[in-house]
Amino acid sequence: MLKKSSLVLWGVVLFVAWNALILFFLWTRPQSLSDHGRLTEEVIRLAQDAESELEHQKDLLQQIYRYSDLWRRRKAGEAELHPPAAASVQPSTAAPLSRHSQISPDAVLPVLVIACDRSTVRRCLDKLLHYRPSPERFPIIVSQDCGHDETARVIASYGDAIMHIKQPNLSDIPVPTDHRKFQGYYKIARHYHWALSQVFRTFQHQAAIVVEDDLEVAPDFFEYFQAAFPLLLADPTLWCVSAWNDNGKEQMVDAAHPDLLYRTDFFPGLGWLLLSDLWNELEPKWPKAFWDDWMRQPEQRQGRSCIRPEVSRTMTFGRKGVSHGQFFDQHLKFIKLNDRFVPFTQMDLSYLKKNEYDRSFRDQVYAAPELRVEELQGNQRRELGTVRVQYTTRDSFKAFAKALGVMDDLKSGVPRAGYRGIVSFLYRSRRVYLAPPSDWIGYDPSWS
Ligand SMILES: *[C@@H]1O[C@H](CO)[C@@H](O)[C@H](O)[C@H]1NC(C)=O
């Protein structure tokens with residue numbers, strides 16, 4: 001066993017080193033060229049080189065994953081089914097898991113608004129202020145990057161109602177290519193890093209709700225976070241509460257049941273609550289760019305989940321952004337914003353704790369009769385009620401997701417809004433679980 005594990009480890013080390021060398025070589029070359037007109041061409045060519053090299057390396061990586069997966073399965077058996085962090089662990093091992101106990105369930109929950117150069121941040125702030133039940137419990141901190149005057153004036157116009165802080169470092173960030181799009185991602189990661197340190201280090205808050213300047217919040221946005229906060233404190237297998245359903249398009253959610261909540265293994269972002277503990281953990285290794293996909297990697301997620309609603313408690317109204325133009329037009333703008341206040345704080349949400357949820361959710365999903373995608377599309381066998389569509393491979397997941405209108409992309413092997421591989425949504429007004437076989441043992445990070 002030990003021998004196999006060290007073999008795998010060496011494989012990974014060699015792979016990483018090889019990649020680092022190649023990327024270092026490819027990325028440092030253009031910088032040695034002076035500023036000729038041909039620089040761009042050269043950069044594109046090198047990027048293509050790097051891409052095909054990466055493509056080639058991906059096969060190797062997949063092999064390594066397959067081996068390590070095989071080994072992990074033999075060693076851990078049902079690791080994902082019974083993670084060590086489950087709430088039922090014995091007192092002796094529970095100690096490191098009770099790390100949130102020093103945070104009070106009444107702790108202040110500041111809303112951190114990440115702003116840049118969109119003066120439409122007004123829409124975000126107006127709704128936050130309109131629905132906020134208590135200024136003391138939910139102070140609003142707007143962190144502005146980009147030094148945009150008009151946006152700064154809009155934020156300043158709220159006076160004492162909000163706190164306005166400005167990211168001081170507006171310098172360009174040296175990036176591997178001079179691609180503008182790329183630079184934007186670096187600046188966002190730098191801004192998040194700075195803003196979250198302000199909230200957790202400078203202001204010493206114990207938790208925070210992060211939103212971006214193009215998000216509009218629902219009437220029960222605060223109610224939702226207030227109610228889910230104690231869950232986050234109590235269940236160490238949770239690492240966030242999110243307001244967002246990635247499959248939250250109008251016709252795909254049960255608008256009559258806005259009280260429905262789920263666990264998800266996919267980090268949704270877009271209005272999310274985190275604890276200072278998590279920031280302590282992430283800050284030392286915070287990435288230079290693409291922070292959200294970085295969070296979705298197994299090294300960061302560590303098997304933890306988020307709570308997410310059936311009907312989103314945020315919607316995005318901003319088309320303008322680093323990456324969101326096309327994504328917004330095709331997807332984001334169709335997400336339904338909940339419009340009915342649900343008194344979450346009056347409800348018992350303990351069913352969302354891992355042990356209870358895993359049992360009941362699994363039972364529910366695998367008790368549902370299986371149906372083929374074509375039968376669903378043909379609206380057949382309506383008498384069955386809730387049904388399950390089973391996928392077994394990456395390709396079948398993608399094909400079925402596409403056919404049923406579900407987001408078909410995977411990050412580190414996890415489908416959007418998925419929990420234990422299961423995606424729950426409405427299709428032609430009936431509940432569908434797109435699910436792997438019931439003996440599923442874990443995500444395959446090579447599924448992308
Ligand atoms: C500003 O950001 C750049 C790029 O991240 C960094 O290299 C530089 O040290 C920063 N400057 C200050 C004053 O923090």
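Notes on the nonpolar core
Turning to step 1, where the next piece is worked out: Grouped together as the largest cluster of nonpolar side chains are 57 residues, with contacts concentrated most on Val113 and Leu128.
Turning to step 2, where the next piece is worked out: Not counting residues within four places of it along the chain, the set of residues in contact with Val113 comprises Val121, Cys124, Leu125, Leu128, Ile140, Ile141, Val142, Ser143, Val211, Glu212 and Asp213.
Turning to step 3, where the next piece is worked out: In this structure, Ile114, Val199, Phe200 and Trp286 belong to the second largest nonpolar core, which totals 26 residues.

Some thoughts on the sheet that holds strand β1 (residues 111–115)
Turning to step 1, where the next piece is worked out: If you trace the 8 strands from one edge of the open sheet to the other, you get β3-β2-β1-β4-β8-β6-β9-β7, paired in mixed fashion. The sheet is open, and its two borders are formed by β3 (163–166) and β7 (261–264), each paired with just one other strand. Across this sheet, the average inter-strand angle for adjacent strands is 25 degrees, counted without regard to direction.
Turning to step 2, where the next piece is worked out: Both β7 and strand β9 (residues 305–309) contribute to a ladder of 4 bridges, which runs antiparallel. Looking across to β9, one finds that Thr264 is bridged to Cys306.

Focus on the site of the ligand
Turning to step 1, where the next piece is worked out: Residues in contact with the ligand, as listed here, are Asn169, Ser171, Ile173 and Arg190.
Turning to step 2, where the next piece is worked out: Contacts to the ligand include Asn169, whose side-chain N or O atom sits 2.3 Å from an oxygen atom.
Turning to step 3, where the next piece is worked out: Between the ligand and Arg190 there is a distance of 2.9 Å, counted from an oxygen atom to a side-chain nitrogen or oxygen.
Turning to step 4, where the next piece is worked out: Isolated, the ligand exposes 360 Å² of accessible area, and the fraction of that covered by the protein chains is 34%.
Turning to step 5, where the next piece is worked out: Classifying every residue of the shell around the ligand gives 1 nonpolar, 2 polar and 1 charged.

Some words on the state of the cysteines
Turning to step 1, where the next piece is worked out: Enumeration according to the criterion identifies 2 disulfides in this entry.
Turning to step 2, where the next piece is worked out: The disulfide partner of Cys116 is Cys146, and the gap between their sulfur atoms is 1.9 Å. The sign of the S-S torsion, about -105 degrees, decides the handedness of the disulfide formed by Cys116 and Cys146: left-handed. Taken together, the positions of Cys116 in the loop between β1 and α4 (121–131) and Cys146 in the loop between β2 (140–144) and α5 (149–156) put the pair 30 residues apart, joining distant regions of the chain.
Turning to step 3, where the next piece is worked out: Cys116 sits in the partly exposed class, given a relative accessible area of 23%.
Turning to step 4, where the next piece is worked out: Two residues, Cys240 and Cys306, share a disulfide whose sulfurs are 2.2 Å apart. Around the S-S axis, the bridge from Cys240 to Cys306 shows a dihedral of about 120 degrees and counts as right-handed. Of this pair, Cys240 sits in strand β6 (residues 238–242) while Cys306 sits in strand β9, and the two are 66 residues apart along the sequence. Judged on exposure class, the residue Cys240 and its partner Cys306 are both buried.
Turning to step 5, where the next piece is worked out: In the protein chain, the bonded cysteines, taken in the order they occur along the sequence, pair up as 1-2, 3-4.

What counts, and where the lines are drawn
- Residues numbered from 1 in each chain as written.
- Predicted model: local features only at pLDDT ≥ 70, side-chain atom pairs only at ≥ 80, totals over all residues.
- Heavy atoms only, no water.
- Core = buried A, V, L, I, M, F, W, Y, C linked by side-chain atoms within 4.5 Å.
- Buried < 20%, exposed > 50% of the residue type's maximum accessible area, 1.4 Å probe, protein only.
- Contact = heavy atoms within 4.5 Å.
- Pairing = 2+ DSSP bridges.
- Helix = DSSP H or I, 4+ residues; strand = E, 2+ residues; numbered from the N terminus.
- Axes fitted to C-alpha atoms, helices over the stretch in contact; angles between N-to-C directions.
- Near = heavy atom within 4 Å.
- Polar contact = N/O pair within 3.5 Å; in protein donor to acceptor, adjacent residues only side chain to side chain.
- Areas by Shrake-Rupley, 256 points an atom, 1.4 Å probe, with all protein chains shown as cover.
- Nonpolar A, V, L, I, M, F, W, Y, C, P; charged D, E, K, R; others polar.
- Disulfide = S-S within 2.5 Å.

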